[in-house]
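Structure at a glance
Next come the chains, spelled out residue by residue.
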Amino acid sequence: MKIAIIGIRGLPANYGGFETCAEHVSRHWVSQGHDVVVYCRKSHYDKHPKELNGRKLIYIPSIPIKGIDTLVHSFYCILHLFFIQPSYKNVHLYNSGNGIFIPLLKLLGKKVIISVDGIEWKRQKWGALAKLTHKVGAKLSVKFADKVITDNQEVHDIYKKELRAESTIIAYGAKFIDHINPKTPYLHKYNLISKNYFVFVGRFVPEKSVHHLIEKYLLLKTDMPLVIIGDDTSETEYKKSLFEEGKRHKNVIMPGFLYGDEYESLLSNAYLYVSASELEGTSPSLLAAMGAKVCTLVNGIKENIQTIGNAGTSFNERDYIDLQKKWQLLVDTPSLTEQMALKGYEHVNKHYRWESIANKYIEVFEYIK
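Just so it is clear, the structure is predicted and the values come from calculations on it, not from any experiment.

Quick notes on the overall build of the protein chain
Secondary structure summary: the protein chain contains 14 helices and 14 strands in total. Taking 21 Å as the expected radius of gyration for a compact globule of 369 residues, we find that the protein chain reaches 20 Å, a close match to that expectation. In terms of principal-axis extent, the alpha carbons of the protein chain reach across some 60 × 40 × 35 Å. Across the 369 residues of the protein chain, 57% fall into the buried class. For the protein chain, long-range pairs separated by at least 24 residues make up 69% of all intrachain contacts whose partners lie at least 6 apart in sequence.

Next comes the structure, spelled out in C-alpha cells:
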C-alpha cells in the first residue's frame, strides 16, 4: 500500500502529538512493507534528508505566519501529491483545520482518513477565524472523508452529538522508556535527583493551566522541584508571565521544549507526572509517563479518565484545591505512588501499543472501497 502523510510538521517528530503518532505508525507501516511518503514543513528543519528509516521525506515550503502556516503548507503538499506523486492513493491527513481540503483530495481520486485531536474549535489559543476554520474543517471531514479518526470516546461522542457523525476510535500509543539511568547527565544539568521531582509536559497555553500547577505546587509541603517541560511557538503574554513566575522560584525549573534522550531522561526519572490541563484528547505525554512507570496525577476531565482508567490518579475536574490535596497525598505516600506507577505501566502495555495502533489504521484503509 502507498500512503502519503500530510498535515504534520514532519519527521523526525520534534513537536507534538500528531508528529509523534505519524512517527510511530509510519515506522510500523514501512516494516510491514508499505510505501510511505511524509510531507514535511521545510522551514521546520535545518537539515533535509530524503529518507528516514525507510520513509520518504518531502520538504514543502509554506508561509510561516501563525494562523495560515499549516493550511498553506497542506495545500502545497496536496498540489505536490497530485502533480509529482500521483501514485500515492491513500492519504493520512492530520488536523481538523485541514479538513477543508478533503473535498479537493476526493476530487483528485484519493482515499482519505483524517485524525483529529480533541475539539480544536473550543481551544482558547485560537482566535475567532482559526476556530471557524477548525469547525468548518470538522464538518467537511465528516461529510467527505472516508473515515474520521478520533483518539478517545469523549471526542467521538462530541463529534456524534455536535456533527452527527460516527468516527472510528484509534487511541494514541504510549512511548515505552525501558532504560532509566538515574545518573544521567541531564539530571545533573538541572541539579535533579532521580525520583525526587515532579514533571509536567505541555505547551504554554491557557487551557494547559500551568499557572494553576505552579500556584498549587508552591503550597505543597515538599522540597521536590517542579520541572515544567514546554514552551509555545508564539510570543504571548501568558507564556511571558509563566517564565517570569518560574524565575521567581528556584525550585520551579523551566527548560523549554525538550526532545529525545533529554526529554526521556527527565520524564522517566520523575517521582510524579502532574497535569492540570483542562482540554485534552489522548495526551501523548501522559501515556509516555505511564509507559515509563511514573505515577500520574491529572485533571479529572473525561478524556483523561478514559486514558488512565483505574491506573492513574485524578483530581476532581477543574478543582485545584483537590489538586493540591491529591498531590500532597502522593508526596506523603511513596508506597501508593509506586503502586500507581506500576498499574499505569500495565495499563498502557495492554491498551496503547503502537504496533496494534498502526495495524488499526491499515485496517481502516483496507476497509475503504
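Moving on from the coordinates now.
Things to note about the environment of Q85
On the secondary structure map, Q85 appears in the loop between α2 (69-83) and β5 (90-94). Ignoring any residue separated from it by four or fewer positions in sequence, one finds Q85 in contact with Y39, I58, H80 and K110.

Some thoughts on helix α7 (residues 210-217)
Of all 8 residues making up α7, 6 are buried, and the element is well covered by its neighbours. Among all positions in α7, only V210, H212, L213, I214, K216 and Y217 are buried. Buried positions along α7 lie against β9 (198-201), β10 (226-229), α8 (237-247), β11 (252-256), β12 (272-275) and α12 (320-332).

Considering the packing of aromatic side chains
Here the distance between the centres and the angle between the planes together describe a pair of aromatic rings. Here the structure, examined in full by the defined rule, presents 14 aromatic pairs. Joined through ring pairs, the aromatic side chains of F198, Y217, Y271 and W327 make up one cluster. In this arrangement the basic side chain of K2 is found over the ring face of Y88, its NZ or CZ atom lying 4.6 Å from the centre. We note R353 situated over the ring of F176; from NZ or CZ to the ring centre the distance is 3.9 Å.

Thoughts on the sheet that holds strand β7 (residues 147-150)
Taken together, the 8 strands give an open sheet; going across it, the order is β3-β4-β2-β1-β5-β6-β7-β8, and neighbouring strands pair in mixed fashion. Two strands in the sheet have a free side with no partner beyond their single neighbour: β3 (51-52) and β8 (168-169). Direction of pairing for β3 relative to strand β4 (residues 55-60): antiparallel, over a ladder of 2 bridges. Bridge assignment links E51 to a residue of β4, and that residue is K56. Seen against the sheet, α2 touches β1 (2-6), β2 (35-41), β4 and β5 and runs at an angle of roughly 140° to β2. Strands in contact with helix α14 (residues 354-367) are β1, β5, β6 (111-115), β7 and β8; relative to β6, the strand with the most contacts, it is inclined by about 145°.

A look at a nonpolar patch on the surface
Taken together, I63, I65, I68, F75, Y76, L79, F82, F83 and I84 make up a surface patch of nonpolar side chains, about 800 Å² in accessible area. Residue position: F82 is located in helix α2.

What to know about the sheet that holds β11
In a beta sheet, neighbouring strands are held together by backbone hydrogen bonds and run either parallel or antiparallel to one another. Strand order in the open sheet formed by 6 strands is β11-β10-β9-β12-β13-β14, and the pairing between neighbours is parallel. The strands lining the two open edges of the sheet, one partner per strand, are β11 and β14 (313-315). Strand-to-strand twist in this sheet, taken as the mean axis angle between neighbours without regard to direction, amounts to 25°. In this sheet, β14 lies alongside strand β13 (residues 295-299) in parallel orientation, the contact comprising 3 bridges.

Calculation notes
Residues numbered from 1 in each chain as written. Predicted model: local features only at pLDDT ≥ 70, side-chain atom pairs only at ≥ 80, totals over all residues. Heavy atoms only, no water. Helix = DSSP H or I, 4+ residues; strand = E, 2+ residues; numbered from the N terminus. Rg over C-alpha atoms; globule rule 2.2 N^0.38 Å. Buried < 20%, exposed > 50% of the residue type's maximum accessible area, 1.4 Å probe, protein only. Contact = heavy atoms within 4.5 Å. Phe/Tyr/Trp six-rings, centres within 6.5 Å; stacked < 30°, edge-to-face > 60°. Lys NZ or Arg CZ within 6 Å of the ring centre and 35° of its normal. Pairing = 2+ DSSP bridges. Axes fitted to C-alpha atoms, helices over the stretch in contact; angles between N-to-C directions. Patch = residues over 30% accessible without salt bridge, like charges linked within 9 Å, V, L, I, M, F, W, Y side chains within 5 Å. Areas by Shrake-Rupley, 256 points an atom, 1.4 Å probe, with all protein chains shown as cover. Salt bridge = Lys/Arg side-chain N within 4 Å of Asp/Glu carboxyl O.

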